[in-house]
Amino acid sequence: MAAGPAPLGGHPRAQKPHLSKMERVVVSMQDPDQGVKMQSQRLLITVIPHAVTGNDVVEWLIQKYCIAEDEALHLGTLLVQHGYLYPLRDPRRLLLQPDETPYRFQTPYFWMSTLWPAAELDYAIYLAKKNIRKQGALVDHEKAHYDQLHRKINHTWDLVVMQAREQLRAAKQRRKGDRLVIACQEQTYWLVNRPPPGVPSVLEQGPERGSCTARQVQMTKTVDFYKREIECCRKALGRTRVKSSVCLEAYLKFSSQRGPHDPLLSGCLPSNPWVTDDDTYWAMNAPSVAVPTKLRVEQWAFSFRELLEDPVGRAHFMDFLQTEFSAENLSFWEACEELRHGGQAQVPALVDAVYQQFLAPGAARWVNIDSRTMERTLEGLGRPHRHVLDDAQLHIYMLMKKDSYPRFLKSDLYKDLLAEAVVPLETKRRVFPFMWKPRHSSPSLALLPTSTSGEPEAAAGSPGGGDGET
Amino acid sequence: MAADGLHENETLASLKSEAESLKGKLEEERAKLHDVELHQVAERVEALGQFVMKTRRTLKGHGNKVLCMDWCKDKRRIVSSSQEHAVTMPCTWVMACAYAPSGCAIACGGLDNKCSVYPLTFDKNENMAAKKKSVAMHTNYLSACSFTNSDMQILTASGDGTCALWDVESGQLLQSFHGHGADVLCLDLAPSETGNTFVSGGCDKKAMVWDMRSGQCVQAFETHESDINSVRYYPSGDAFASGSDDATCRLYDLRADREVAIYSKESIIFGASSVDFSLSGRLLFAGYNDYTINVWDVLKGSRVSILFGHENRVSTLRVSPDGTAFCSGSWDHTLRVWA
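Residues numbered from 1 in each chain as written. Chains lettered and ligands numbered in written order. Predicted model: local features only at pLDDT ≥ 70, side-chain atom pairs only at ≥ 80, totals over all residues. Heavy atoms only, no water.

Per an unreviewed UniProt entry, chain B carries the name Guanine nucleotide-binding protein subunit beta-5 and comes from Camelus dromedarius. Note on chain B: under the UniProt heading Sequence similarities (unreviewed entry), the record states "Belongs to the WD repeat G protein beta family." (UniProt positions renumbered as here; feature names shortened; annotations may be inferred.)

Below, the structure written as structure tokens:
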């Protein structure tokens, strides 16, 4: 090659981690003791040493990483596509054949991490060599590249041809085996760096990141940046942490409770529309449906947030609050949500409307907030902004959550909803994501002890992704 | 002046070392309450059975690499964006897109440094581009965007190292979030009761949790070894997962204030570009740059399945709002819906 390794890009971003990992893989594949079985490969009248078969490569990957054949073949194919292994016989296509097809490991000189980006001059010399050898009969895309380069670097074309001739002459001096190997190595390198049309380029990286070095330097090296980091750290040091055991137990509980509600984990009734093309599941679970499903009604008992997030649940909760003469709380909360997430232009009008309806003395739907919060809120109303009602909203939210919500779950209204809720029958065609426990249309999983008190928990060995524990 | 310059450098150096030592102390504090590993706790949990998941739909509308996608709340419609070629415009990467909660608009942006909102219309004669509204303006590419609880606010992340909250109607900047030391690549809104925080991940290997109201960073995590391409909250809101170019996905617990799990395998070498949880949080789906999708058991930390099908990098992955399927988008120009 004319030029040596080219400098990387124009900025000092770390090389993509996957390249160094692939290189470690091929290095361990070449380990004399633990590596892939090496053998000599006969090609016509030459014998090429240190070759491996596609099959052995796959086997080695299966053993080394404890993976199945499909994954091993996929990984091996990636190694070939990135030019770390090349086929000895048909080096025009970078594929891994899981049979006796012979391959060799690419010399580190041609690794993607060493010699990138590929230099135009080198490509010109390579094509010129091919052109000379094949007496003008280059493949289509190579011919196009050749012509393009000829036009572009016309002024140095003499140098190109001279180099090409020199390299060809030097090659003739080598043994046939070496000549063949070097030709394969070079061809592979160019297949990776100048892939033929239709073959995706493994070099593509997507939009550049950290593009402006200067900007990056600016970002990391200002006084402000470090001051912010220090502030963030100080606050973090002061925060209360929860023991890992407590946090992690919460995941178990959460996942086991939600398992039956997770279609990708436990399937869904009557069937998953994407699998069976039957839309019934979506119709039965539409946002505003007259009779919700049992699972849906049960979910309202999981958390207050989930009750509110479901329009049907929220509507029933509103009905319940009306029986307790505290519906203004929910309406107030909804108005605050509208303020927080609404357009800037609407802020003053909304704040005023909320004040008139819920907060003013003698308001039609006066909400009961503690005096300190009320005082603070009323003060803030002088300069209305999106968050001016946050404190009041939180107060009312907590009131509903700790007080009205538990009563709702114990109420006849909720119990009736549960009883009337629909449990769909499963369709005849059984297609479940997991081939172990099919769902039953029988009473579903245990509710938490906090919801309907006194009821015994459903037996273990229940369907779905749970572990029987609550 | 020379004297001032020297002073500036001393301050900078001392600030930097103070930051480093505080970070060290923080890690010590975090370690103190770490009394058990997730996989130990999960030993009691029953293992998942053999996994059977297939491509149920392949969508081939794009003429180029699919870069981003989002589901509509109606659970059936999808918006996706790609690297577009157009006669009149130079090639642009549209790297971020999001569906408005009402389903009536979408937002997208990319190398144009902007986030624009397009109202959706079913009238084929109407020119959508004409109604486009530019909402966000950054000084570098837009990497991610998301509507908050309504159609009227958008949260954006950018290659300029910041995130920002915008009022859609006026284009006004409501809050900006500074703290990342490099490009911000992803963000996700927290499903919390108070709905006031979000998490972002960037090229500085940090995942940061922000208070939307004050603009302050609430928590930061720096355990990845390379760019963080994707962040997604665990359904309870108490944790979030991240996917990175270091070929791992990680789980960070917000109450324990630390990383609690790493999802990795020696045979997985390429970066994870996109992650999402199933509804119960038991499964984590991750799309990788080696064209595959790996499905992880979040509790046990093991890989449940590997899904083949795409013929190029998987660039985006989202579970549908009702959890019946997930969709993956790829540089092979297709989107696949899996169930």
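There's more to say after this.
Visitor: Residue-level account of the overall build of chain B, with values.
Guide: The number of helices and strands found in chain B is two helices and 27 strands. The C-alpha atoms of chain B give 21 Å as radius of gyration, which agrees with the globular expectation for 339 residues (20 Å, within 12%). Projected onto its principal axes, the C-alpha coordinates of chain B cover approximately 65 × 60 × 35 Å. Classification of the 339 residues of chain B by burial places 62% in the buried group. (Helix = DSSP H or I, 4+ residues; strand = E, 2+ residues; numbered from the N terminus. Rg over C-alpha atoms; globule rule 2.2 N^0.38 Å. Buried < 20%, exposed > 50% of the residue type's maximum accessible area, 1.4 Å probe, protein only.)

Visitor: Before we move on, can you summarise the UniProt feature "repeat: WD" (unreviewed entry) in chain B with the specific residues and values?
Guide: When the UniProt feature table is mapped to this numbering, "repeat: WD" (unreviewed entry) covers residues 135-176, 177-220, 221-262, 274-306 and 307-339 of chain B. The distance from the first to the last C-alpha atom of residues 307-339 of chain B is 11 Å, and the span holds 0% helix and 48% strand.

Visitor: An account of the nonpolar core is requested, with residue identities and associated values reported.
Guide: Membership of the largest hydrophobic core comes to 41 residues, with the highest contact counts inside it found for F317(A), F332(A) and L359(A). By size, the runner-up hydrophobic cluster in this structure holds 34 residues, among which are Y65(A), L85(A), W111(A) and V192(A). (Core = buried A, V, L, I, M, F, W, Y, C linked by side-chain atoms within 4.5 Å.)

Visitor: Mind laying out helix 5 (residues 140-152) of chain A, listing which residues take part and the relevant values?
Guide: Residues and elements named next belong to chain A. In this model helix 5 runs 18 Å from its N-terminal to its C-terminal C-alpha over 13 residues, within 8% of the 18 Å that 1.5 Å per residue would give. Those residues of helix 5 not exposed but buried are H141, E142, Y146 and L149. Projection of helix 5 onto a plane perpendicular to its axis shows the buried side chains occupying an angular sector of 140 degrees, all on one side. Summarising the geometry of helix 5, the exposed residues directed more than 90 degrees from the buried face are D140 and R151. Contact partners of the buried residues in helix 5: helix 4 (120-133) and helix 6 (157-173). (Expected span 1.5 Å × (residues − 1). Arc of directions from axis to C-beta. Contact = heavy atoms within 4.5 Å.)

Visitor: Break down the packing of aromatic side chains for me, citing the residues and quoting the values.
Guide: By the definition in use, this model includes 33 aromatic pairs over all chains. An angle of 65 degrees between the planes, with centres 5.7 Å apart, marks the rings of F177(B) and W210(B) as edge-to-face. Pair noted here: F177(B) is in strand 12 (residues 173-178) and W210(B) is in strand 15 (residues 207-211), with a separation of 33 residues, a long-range link. A residue is classified by how much of its surface remains accessible, and F177(B), at 0% relative accessible area, is buried. Given a relative accessible area of 0%, W210(B) falls into the buried group. The structure contains a cluster of three or more aromatic residues connected by ring pairs, namely F304(A), F317(A), F320(A), W333(A), Y397(A), Y405(A), F408(A) and Y414(A). In this structure, R313(B) packs its charged tip against the face of W331(B), placed 4.2 Å from the ring centre. (Phe/Tyr/Trp six-rings, centres within 6.5 Å; stacked < 30°, edge-to-face > 60°. Lys NZ or Arg CZ within 6 Å of the ring centre and 35° of its normal.)

Visitor: Residues and numbers for the packing of helix 4 of chain A against helix 5 of chain A, please.
Guide: Residues and elements named next belong to chain A. Packing of helix 4 against helix 5 brings their axes to within 10 Å, and their N-to-C directions diverge by 120 degrees. Considering the angle they form, helix 4 stands oblique to helix 5. Where helix 4 crosses over helix 5, the two elements pack in a sense that is left-handed. Along its contact with helix 4, which presents E120, Y123, A124, Y126, L127, A128, K130 and N131, the element helix 5 presents E142, H145, Y146, L149 and K152. Residue composition of the contact of helix 4 with helix 5, by class: seven nonpolar, two polar and four charged. (Axes fitted to C-alpha atoms, helices over the stretch in contact; angles between N-to-C directions. Parallel < 35°, antiparallel > 145°, perpendicular 65-115°, else oblique. Left-handed = near helix turned anticlockwise from the far one by under 90°. Nonpolar A, V, L, I, M, F, W, Y, C, P; charged D, E, K, R; others polar.)

Visitor: Tell me what's going on with the pairing of strand 23 (residues 293-297) of chain B, and back it up with residues and numbers.
Guide: All names here are of chain B. Judged by how many residues are buried, strand 23 sits mostly within the fold: five of five residues are covered. The alternating pattern of strand 23 places I293, V295 and D297 on one face and N294 and W296 on the opposite face, and all of these are buried. Across five bridges, the pairing between strand 22 (residues 283-288) and strand 23 is antiparallel. Residue pairing across strands places L283 opposite D297, the latter belonging to strand 23. Across four bridges, strand 23 lies against strand 24 (residues 303-307) in antiparallel orientation. In the sheet register, I293 faces strand 24, and the bridge partner there is L307. Hairpin connection, strand 23 to strand 24: the antiparallel pair is bridged by five residues, and G301 has positive phi, about 80 degrees. (Pairing = 2+ DSSP bridges.)

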